[in-house]
Amino acid sequence: MTDKPVTPPNKVSSAYEDFVEAFRLAVEDANVEVVFPPRPLRSCFTEFGGNTAAAFERCLYLKNWPCRKLPQNRRLAIVIKALETFERPSWSLSKSSVYLNYFVVDGTTAELVQSLHYDFVAGGQTDHPFFHLQLTNEPIPELDLRNTGFDLQLKLPDQPSRCWVTTRIPTPDMTFASVLYCVVADHLGAGIFRQFAEKIDSIQDRLPSPGFEDLKNSLRQSSVHFKSSHWFAHMKLVH
Amino acid sequence: MTNAIKIVLFEDTQQTRSDVLQSLTTHTRPDGNVVPFEGARFTESPSERERMYEARLEQILSKPPYDGATLIVADRDLSKSLDSNFVGLSVNAVAAAAQKLSIPICSYARQPELDDYEWRGRWEEGHIVLSFSEGEAELARRAALAARGFAEIGRQLPQIIADKSNKSPARVLAALLGKPEYADKVALYGVGDQNRISEVLAKGKDTAQQVQRMTHFLGYWLWDSLLRYPGILVNEVAAASHLNIDTEAFHAANVQTIFQEALYHGPFADPSRPQWWRGMLDDIVSGDNCADGLELVHAKVNSAIERSKCCVDPSKSAGYYCIISRKPVSLENSKGGISWFPRGADLTRVSNPMFEEYGPWLGA
């Protein structure tokens, strides 16, 4: 990946812009905060592998978010980092990794309490469910956190989790937009989520589609398949 | 389709009035009408004459020969007015009357205070400030352009507001520009000018009044915001910078031809100061699977065309536009997201040296 910007079709860049803007409005309606890095969103599309691909990288810092399970004096901070790649000139989505770090904030200290990422690679990865969530103990690099305006003192866990290596949970297509969608549903309440869902409905068709033909074909096939085998359809386990 | 326009001119110096009037008449042909304001022509009762200038002007401007004006053009300094009915008239009184009647107003200064007036021309909200520095012919050309733009908006509006799907001002403006799909982007140019809220909310007593108010509001919004701050639309320097093409090279006819399809032709489009739809420029570039405009013109025009250069550090490509110096600037050497920038103006920046110089006044 280089820093050289690549110009996406307006349909693609405006879909990302509109989605993130709708997210920002939902966040403001909920009276919480999202901090964007100073780089304009359109310049986050960069050259990747010559003129056959492009990359998108964006980090968001969700500041002082509510969490029902936390006592009143504690708040949640969430950092989301998206890394997506596209095929050119089709601008279909060929890879998406979205990292989330959840921090419990006490005063000026942020303790990492949950780390995970959602993954997808067109064509699939060996022994990985096609779309999956992986629970990890990996923090998003501190430089990325700071670049979003993350201004808290970091407290990382003393002991690594023991299950993160093998825990890959199959998911629907959780790309950057889907993750933001679920974050709104998880944290901002039904009313705001409903408005947000309505607002972004028209944007969906403009977002680049992930390439997952094998999975689609598998899902269309009959019930002789084992319940979850379609998650590994790219490995030709079912026909 | 042309739109008949009527301009009312407020100018207190005889010679300048004659010069500006002549130029305006030339530039408003064949469908225009320019009427110099002469307060002395009106007979008012003593009680009427005791009222404030603003109220008196409002009444006079509602009557022939000034009624139905598309635009008022006024000298900034009317203090030398020898009109016995309006001694010491100020442009503020004219502007206040114009505001009440929803007539747009342009002002100019005959003896500009150079940078100061230039600056005000670019920053003053809800009041189009034109420069006199290029002479009365250019002033008149720009004023006629402004009048035609407002007239065009007024002509299209009844049909657009009749469509109930155009609920918000952003939707109305996007429809007016022929880009309904850009409504969300246009909404990001809401500048929060509280003086205009009444115009946004006003339904008017009748459709004609509503159209007049909306024309006033949308015209200023378009002129002052969308056409001023590069983002959804880009001027020549900003377009070249965004495309990563050297500003001079971008002027070349064979380069311009490539991007011609993206030219803005809506209200206030000025052939001498063209603007482009940024999204359409992007589509032209990505349609040929090029990373940027430079790659495209290298392939299609001339591989010797140079990249854009940041005005602070020419070793870097630009990409953005410094709204103060009006030069191309790089992301690294500029500040964006300044509180008074419209949110949609993501190509608008202030170069670091300018920001350091004017920072306290520019805000954060």
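Residues numbered from 1 in each chain as written. Chains lettered and ligands numbered in written order. Predicted model: local features only at pLDDT ≥ 70, side-chain atom pairs only at ≥ 80, totals over all residues. Heavy atoms only, no water.

Below, the discussion takes up the overall build of chain A. Scanning chain A from terminus to terminus reveals five helices and nine strands. Secondary structure elements of chain A, listed N to C terminal, follow the sequence α-β-β-β-β-β-β-β-α-β-β-α-α-α. Here chain A, with 239 residues, has 50% of them falling under the buried criterion. Considering only contacts within chain A whose residues lie at least 6 apart along the sequence, 65% involve residues at least 24 apart. By element, 51% of the accessible surface of chain A is carried by carbon and sulfur atoms, the whole surface being about 11800 Å². (Helix = DSSP H or I, 4+ residues; strand = E, 2+ residues; numbered from the N terminus. Buried < 20%, exposed > 50% of the residue type's maximum accessible area, 1.4 Å probe, protein only. Contact = heavy atoms within 4.5 Å. Areas by Shrake-Rupley, 256 points an atom, 1.4 Å probe, with all protein chains shown as cover.)

Residues and elements named next belong to chain A. In this structure, His132 sits in strand E7 (residues 131-136). A distance of 2.8 Å separates the side chain of His132 from the backbone oxygen of Pro129, its partner in a polar contact. In contact with His132, not counting residues within four places along its chain, are His117, Tyr118, Asp119, Gln125, Arg168, Ile169, Pro170 and Thr171. (Polar contact = N/O pair within 3.5 Å; in protein donor to acceptor, adjacent residues only side chain to side chain.)

With that out of the way, let us pick up the nonpolar core. Where a protein is soluble and globular, its nonpolar side chains tend to be buried together. Ranked by size, the top nonpolar core spans 111 residues in total, and within it B:Phe10, B:Ile72, B:Leu226 and B:Phe259 carry the most contacts. Here this core gets twelve residues from one element, more than from any other, and that element is helix H6 (residues 135-162) of chain B. Contact partners of B:Phe259, with chain neighbours within four places excluded, come to B:Leu243, B:Ile245, B:Phe250, B:Trp276, B:Leu281, B:Ile284, B:Val285, B:Gly293, B:Leu296 and B:Val297. Within the second largest apolar cluster, 54 residues are counted, among which are A:Ala26, A:Trp91, A:Met174 and A:Phe176. (Core = buried A, V, L, I, M, F, W, Y, C linked by side-chain atoms within 4.5 Å.)

Moving on to the interface of chain A and chain B. Across the boundary between the two partners, chain A contributes 24 residues, which contact 20 residues of chain B. For the pair chain A and chain B, the two sides together bury roughly 1700 Å², of which 41% comes from carbon and sulfur. Applying the counting rule to chain A against chain B returns six salt bridges. Of the charged contacts, one joins B:Glu295 and A:Lys4 as a salt bridge, the two residues approaching to 3.6 Å between their closest N and O atoms. Run the count over chain A and chain B and you get nine residue pairs in polar contact (both at pLDDT 80 or more). The element best represented in the side of chain A that touches chain B is helix H1 (residues 10-29) of chain A, accounting for eight residues. When the residues that make up the side of chain A that touches chain B are grouped by side-chain class, the tally is seven nonpolar, five polar and twelve charged. (Buried area = accessible area lost by both parts, 1.4 Å probe. Salt bridge = Lys/Arg side-chain N within 4 Å of Asp/Glu carboxyl O. Nonpolar A, V, L, I, M, F, W, Y, C, P; charged D, E, K, R; others polar.)

Attention now goes to the packing of aromatic side chains. As enumerated under the stated definition, the model contains 35 aromatic pairs over all chains in all. Each ring, one from B:Phe10 and one from B:Phe37, has its centre 4.3 Å from the other, and the planes form 20 degrees; the classification is stacked. Of this pair, B:Phe10 sits in strand E1 (residues 5-10) while B:Phe37 sits in the loop between strand E2 (32-36) and helix H2 (46-49), and the two are 27 residues apart along the sequence. Of the residues examined, B:Phe37 reaches a relative accessible area of 6% and is grouped as buried. Among the aromatic residues, those joined into a ring-pair cluster are A:Tyr16, A:Phe45, A:Phe56, A:Phe86, A:Trp91 and A:Phe176. Its guanidinium or amino end placed over the ring of B:Phe86, B:Arg56 lies 4.4 Å from that ring's centre, counting from NZ or CZ. Between B:Lys179 and the ring centre of B:Tyr182, over which it is positioned, the NZ or CZ distance is 5.8 Å. (Phe/Tyr/Trp six-rings, centres within 6.5 Å; stacked < 30°, edge-to-face > 60°. Lys NZ or Arg CZ within 6 Å of the ring centre and 35° of its normal.)

Here the focus is the confidence of the model for chain B. Mean pLDDT for chain B: 89, with 90% of residues reaching 70 or above. The ipTM value of the predicted complex is 0.85, and its pTM value is 0.90. (pLDDT = per-residue confidence, 0-100.)

All names here are of chain B. Helix H10 (residues 207-226) packs onto H6 with a crossing angle of 125 degrees between their chain directions and a minimal axis gap of 9 Å. In terms of orientation, H6 and H10 fall into the oblique class. Classified by chirality, the crossing of H10 by H6 is right-handed. Side by side, H6 and H10 meet where Arg142, Leu145, Ala146, Phe150, Ile153, Gly154, Leu157, Pro158 and Ile161 of the first sit next to Gln210, Val211, Met214, Thr215, His216, Leu218, Gly219, Tyr220, Leu222 and Trp223 of the second. By residue class, the composition of the contact of H6 with H10 is 13 nonpolar, five polar and one charged. (Axes fitted to C-alpha atoms, helices over the stretch in contact; angles between N-to-C directions. Parallel < 35°, antiparallel > 145°, perpendicular 65-115°, else oblique. Left-handed = near helix turned anticlockwise from the far one by under 90°.)

Let us look at the sheet that holds strand E8 (residues 319-322) of chain B. Residues and elements named next belong to chain B. The strand order across the open sheet built from four strands is E9-E8-E11-E10, with neighbouring strands paired in mixed fashion. Two strands bound the open sheet, and with one partner strand each, they are strand E9 (327-330) and strand E10 (334-335). Pairing of E10 with strand E11 (residues 348-351) involves two bridges; the strand directions are antiparallel. Looking at E11, one finds that Ser334 is bridged to Ser351. Strands E8 and E9 of the sheet are contacted by helix H11 (residues 236-243), whose axis makes an angle of about 155 degrees with E8. Sitting on the sheet, helix H16 (residues 352-362) is in contact with E8, E10 and E11, with an inclination near 100 degrees to E11. (Pairing = 2+ DSSP bridges.)

This part takes up the confidence of the model for chain A. Looking at chain A as a whole, its pLDDT mean stands at 87, while 88% of the residues score no less than 70. Of all the helices and strands in chain A, helix H5 (residues 213-220) of chain A carries the lowest mean pLDDT, 73, while strand E4 (residues 75-87) of chain A carries the highest, 96.

With that settled, consider the side chain of B:Asp75. All names here are of chain B. Note that Asp75 resides in strand E3 (residues 71-75). For Asp75, a relative accessible area of 1% gives the class buried. A distance of 3.1 Å separates a polar side-chain atom of Asp75 from the backbone nitrogen of Asp77. Once residues within four sequence positions are removed from consideration, Asp75 is found in contact with Phe10, Glu11, Asp12, Val91, Tyr108, Ala109 and Arg110.

Another point: the environment of A:Cys59. All names here are of chain A. Take Cys59: it is sitting in strand E3 (residues 53-65). Along the chain, Cys59 and Val79 lie 20 residues apart, while their C-alpha atoms are 7.1 Å from each other. Once you skip the residues sitting within four places of it in the chain, Cys59 turns out to touch Pro37, Val79, Ile80, Lys81, Asp144 and Thr148.

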